[in-house]
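An overview of the molecular structure
Letter by letter, the chains look like this.
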Amino acid sequence: MRETTNLGTLLDIAIDDKRYGTRAVLQGMRLQLDPGEIVSLIGASGCGKSSLLSIAAGLDPHYRGSVRLRGQATGGPNPEIGLIFQEPRLFPWLSVAQNIAFGAPAAAHDSARIDALLEEVGLSGYGDALPKQLSGGQAQRVALARGLYTAPRVLLLDEPFSAVDAFTRMRLQDLLARVAAERRLTVLLVTHDIDEALYLSDRIVLMGGRPGPARAEFAVELTRPRARTELAGAAMKAAILDSLHAVHAI
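For every chain, the first residue of its written sequence is number 1, and the numbers climb from 1 along that sequence. Side-chain atom pairs in this predicted model are given and counted only at pLDDT of 80 or more, local residue features only at pLDDT of at least 70, and totals for whole chains, interfaces and linings cover all residues. Only heavy atoms go into the side-chain values, all of them from the structure, while hydrogens and water stay out.

What to know about the environment of Pro 92
In this description a helix means any DSSP run of H or I spanning at least four residues, a strand means any run of E spanning at least two, and both kinds are numbered starting from the N terminus. Inspection of the secondary structure assignment puts Pro 92 in the loop between β6 (81–84) and α2 (96–100). Placed 26 residues apart in sequence, Pro 92 and Ser 66 show a C-alpha to C-alpha distance of 35 Å. Contact criterion: two residues are considered in contact whenever any of their non-hydrogen atoms come within 4.5 Å of each other. When neighbours within four sequence positions are excluded, Pro 92 is seen to be in contact with Leu 130 and Pro 131.

Right, here's the structure in full:
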């Protein structure tokens, strides 16, 4: 198991009701994350996973409920909560370094911090490159560096590795696991890949069916570092697949 700091809940997400027009997307959803924990959200498309992440990141105020960080309500985007999207979403006219620091006040642009982040994600020397000069995996590494620029306590990721090839995806998963461990980050990951969830997570939360609370939760009792071929993971994968079928048969 990933070691946590036993300081109680770090991020508490309570969504009483979230709608798009008259359509309910999330109702009675409660999710609590402890310091240093990696939690994956899985479920079919349209079950509210990305909506939950948008609310947690402070990008969507149109819901009933609350998001609390260390017991304090958040009101909009918070530098202690980083967000990484499915696509890198880099600005093509800005350099890698400028993309990493984008959104921070000009006076807060710290070239030493940018260089350190580039080294951390395996892109030393790429600060002056433009996004068009990067591969898909490199672009997503830049997105990870940008998400880490404000030194967040919590990192939210919305299917961040789904657009790259299988080998690159495994390398990015290893990068995320290493960065999260070294920084003692709390991570909430949306993914459709059960193998990815098993490899990275301490808990897997199943969403789906009708709008409502989480349908099932699985504790991943695997030591770290993890082997992708661990038999215990294969047995849990079968249980998760059974639960997915049961939820979406409702």
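After that view of the structure, there is still more to cover.
Regarding the sheet that holds strand β10 (residues 216–219)
Here 6 strands make up an open sheet; going across it, the order is β6-β7-β8-β3-β9-β10 and the pairing mixed. Each edge of the open sheet is held by one strand with a lone partner, namely β6 and β10. In this sheet, adjacent strand axes meet at a mean angle of 15° when their direction is disregarded. Axis angles are defined between N-to-C directions and span 0 to 180 degrees, where every axis is a line fitted to C-alpha atoms and, for a helix, only to the segment in contact. Relative to the sheet, helix α4 (residues 136–148) contacts β6 and β7 (154–158), its axis offset from that of β6 by approximately 165°. Here, any two strands with at least 2 DSSP bridges between them count as paired.

Regarding the confidence of the model for the protein
Scored between 0 and 100, pLDDT is the confidence that the predictor attaches to each residue. Considering every residue of the protein, the mean pLDDT works out to 90; 93% of them sit at 70 or more. Between the elements of the protein, mean pLDDT differs from a low of 80, seen in helix α7 (residues 231–248), to a high of 98, seen in strand β8 (residues 186–190).

With respect to helix α5 (residues 166–183)
Helix length check: α5, at 18 residues, gives a terminal C-alpha distance of 26 Å against a target of 26 Å (1.5 Å per residue), a fit within 8%. Of the surrounding secondary structure, the elements contacted by the buried residues of α5 are β3 (38–42), α3 (111–120), α4, β7, β8 and α6 (194–200). For α5, the N-terminal cap is Asp 165; the gap from its side-chain oxygen to the backbone nitrogen of Phe 167 is 3.1 Å. A positive backbone phi angle near 55° is found at Arg 184, which sits one or two residues after α5. Helix span is expected to be 1.5 Å times the residue number reduced by one. Whenever a nitrogen or oxygen atom comes within 3.5 Å of another N or O atom, the pair is scored as a polar contact, on the condition that within protein one atom can donate a hydrogen and the other can accept it, and that pairs from neighbouring residues in sequence are kept only if both atoms are in side chains.

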